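These are the residues of each chain, in order.
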Amino acid sequence: MVNGTTIEIDTTEATPAREQTNSKGLELDPRPLLNAADGQVDIERLEKLSGQSVLHPKQFDRQTVVDLCRTAALLEATNVEPIKPLDGKIAITAFFEASTRTRLSFESAALRLDGKVLSVPDGRVTGMAKGESLADIGEMFNTYGDVVIMRHPDTNSVNEIRRNLDLPLINAGNGSGQHPTQALLDWYALLKWRPALASANCPESQRIHLGIVGTPGSMRAVKSFLGLSLLFVGAVDRITIVSEMADPVGLDLESAIEDCAVPVAVTNDVQEVLSSLDVIYINSIAFLGDSYRELDSRFKLRADSSLKPDAVIMHPLARRDELDTSLDATTHNMYFAQAAGAVFLRQALLIAVLGRLDKLAQIAE
Ligand code: CP
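Here the structure is a predicted model, which means the values were calculated and not measured.

*Asks:* Any chance you could explain helix α5 (residues 134-144) here in plain terms?
*Replies:* Count 3.6 residues to each turn of an α-helix, and residues three or four apart come out pointing the same way. All of the buried residues in α5 are Leu134, Ala135, Ile137, Gly138, Phe141 and Asn142. On an axial view of α5, the arc spanned by its buried residues comes to 160°, and they lie on one face. The inward-facing, buried residues of α5 contact β4 (90-95), β6 (147-152) and α6 (157-161).

*Asks:* When you look at the sheet that holds β6 in this model, what are you seeing that I'm missing?
*Replies:* Sheets are built from strands paired through backbone hydrogen bonds, the pairs being either parallel or antiparallel. Spatial strand order, β5-β4-β6-β7: four strands in an open sheet with parallel pairing. With one partner strand each, in any of the chains shown, β5 (116-120) and β7 (169-174) form the two edges of the open sheet. Looking at each pair of strands side by side, their axes are set apart by 10° on average, direction ignored. Of the strand pairs in this sheet, β6 and β7 are connected by four bridges, and their pairing is parallel. Looking at the pairing, Val148 lines up with Leu169 of β7.

*Asks:* In this structure, what is going on with the packing of aromatic side chains? I would like to understand it.
*Replies:* One pair of aromatic rings is described through two measures. These are the centre distance and the angle between the planes. Within the structure shown, the criterion is met by four aromatic pairs. Centroid distance Trp187 to Phe225: 6.5 Å. Interplanar angle 25°. Geometry classified as stacked. With Trp187 in helix α7 (residues 180-193) and Phe225 in helix α8 (residues 220-229), this pair connects stretches of sequence that are 38 residues apart. Here Trp187 and Phe225 have matching classes, each one buried. Centroid distance Trp187 to Phe232: 3.8 Å. Interplanar angle 5°. Geometry classified as stacked.

*Asks:* What is the right way to look at a nonpolar patch on the surface in this model?
*Replies:* Taken together, the side chains of Leu118, Met140 and Tyr144 present a nonpolar region at the surface, about 280 Å² in accessible area. Along the chain, Met140 turns up in helix α5.

*Asks:* Looking at this structure, how should I read the side chain of His152?
*Replies:* Along the chain, the position of His152 falls in strand β6. Within the local environment of His152, its side chain forms a polar contact with the backbone nitrogen of Asp154, the two atoms lying 3.0 Å apart. With residues up to four places along the chain from it excluded, the contact list for His152 reads Phe96, Glu97, Met128, Leu134, Ser157, Gly173, Asn174, Gly175 and Arg220.

*Asks:* Mind showing me how you'd approach the sheet that holds strand β11 (residues 279-282) here?
*Replies:* With parallel pairing, the five strands of this open sheet are ordered in space as β10-β9-β8-β11-β14. The outermost strands of the open sheet, each flanked by one partner alone, are β10 (264-267) and β14 (312-314). Along the sheet, successive strands turn relative to each other by an average axial angle of 20°, direction set aside. Of the pairings in the sheet, the one linking β11 to β14 comprises three bridges and is parallel in character.

*Asks:* In this structure, what is going on with the domain arrangement of the protein chain? I would like to understand it.
*Replies:* Interface extent is often summarised as the accessible area lost during association of the parts. Domains assigned within the protein chain are domain 1 (2-178 + 342-364) and domain 2 (180-340). A separation of 23 Å is found between the C-alpha centroids of domain 1 and domain 2. Each partner contributes to the interface: domain 1 provides 47 residues, whereas domain 2 provides 44 residues. A buried area of about 3,600 Å², summed over both sides, lies between domain 1 and domain 2, and 65% of it is on carbon and sulfur atoms.

*Asks:* When you look at the side chain of Arg103 in this model, what are you seeing that I'm missing?
*Replies:* Secondary-structure assignment places Arg103 in helix α4 (residues 101-112). At 3.1 Å, the side chain of Arg103 forms a polar contact with the side chain of Ser119. Residues in contact with Arg103, not counting those within four places in the same chain, are Thr93, Phe95, Ser119, Val120 and Pro121.

What counts, and at which threshold
Residues numbered from 1 in each chain as written. Predicted model: local features only at pLDDT ≥ 70, side-chain atom pairs only at ≥ 80, totals over all residues. Heavy atoms only, no water. Buried < 20%, exposed > 50% of the residue type's maximum accessible area, 1.4 Å probe, protein only. Helix = DSSP H or I, 4+ residues; strand = E, 2+ residues; numbered from the N terminus. Arc of directions from axis to C-beta. Contact = heavy atoms within 4.5 Å. Pairing = 2+ DSSP bridges. Axes fitted to C-alpha atoms, helices over the stretch in contact; angles between N-to-C directions. Phe/Tyr/Trp six-rings, centres within 6.5 Å; stacked < 30°, edge-to-face > 60°. Patch = residues over 30% accessible without salt bridge, like charges linked within 9 Å, V, L, I, M, F, W, Y side chains within 5 Å. Areas by Shrake-Rupley, 256 points an atom, 1.4 Å probe, with all protein chains shown as cover. Salt bridge = Lys/Arg side-chain N within 4 Å of Asp/Glu carboxyl O. Polar contact = N/O pair within 3.5 Å; in protein donor to acceptor, adjacent residues only side chain to side chain. Domains from an automatic or database assignment. Buried area = accessible area lost by both parts, 1.4 Å probe.

Next up, the structure:
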């Protein structure tokens, strides 16, 4: 049913678009997140994303994140392929730095909605190999597609391409800068796992102690996740950052943490906090200068680590030795489900940015 700017679906009838999304670990059902909102998805707030670039998590408020995640849940719980939400739209995925998940999940998201994709899987196949500037590449993109999804090792690349690019730009990772769509899909996984976290009145028993094992200042995925997590006051009880660095937070987030009601502590002793954490977000790969480095690699999680029985582990992947494969077959493994949900969250974002939210009304008809 469509009621003004609200889409309402009967989730008792809905079956997930795909029964099995990840091979091991937790399965995350999208329906409880919809049921928690009486099956309603408010798309009015998301309409403001039409034609907008997505560059930084600070663009988002809490309710927009929740509405995007509910839209992703709607897409995951429903077979939307017949209504072809992105028919006639072309997404350009321009990746000047390696990726497994981000590029392919964006491309899968667009193709499954009947959008088309122009893919640059490696910047060396563009005129960049001949010394072409990003600004000139942006100028060319204007006539080739409708949205650009770019990853680049240079933090300033977003500004460079936007000198001439008129299309909406989705930042898929800029050096040690930000990875905003990763943070959105991270929260999509968390809200599916515990829908009460979406509520401004999250019951005390449902609130989480969030542990971040890594260095937000140098790791873009961790930085964006921490930035978005600060919005969830009252759901995130406290945050503990575990890092071997003396000052792991970095300038970008220092003032946001100071202004936020969520207490944030830093320790270099993972054993001090591990058994009190409900959610552990871990990463070791940092992009520093012009290459990947391993930071905080002395912190390792294994199936026999002293975790709370119902604690869940998140990881943006790719992993190194910090996340042992002995955890894969356990219920602590939320990282595969987190990655699997990326397609639906990125579908929701593409539909909003490309101004096709009205198409979703047909789901409920
Ligand atoms: N999480 C993430 O950004 O993965 P990829 O580097 O494989 O895109």
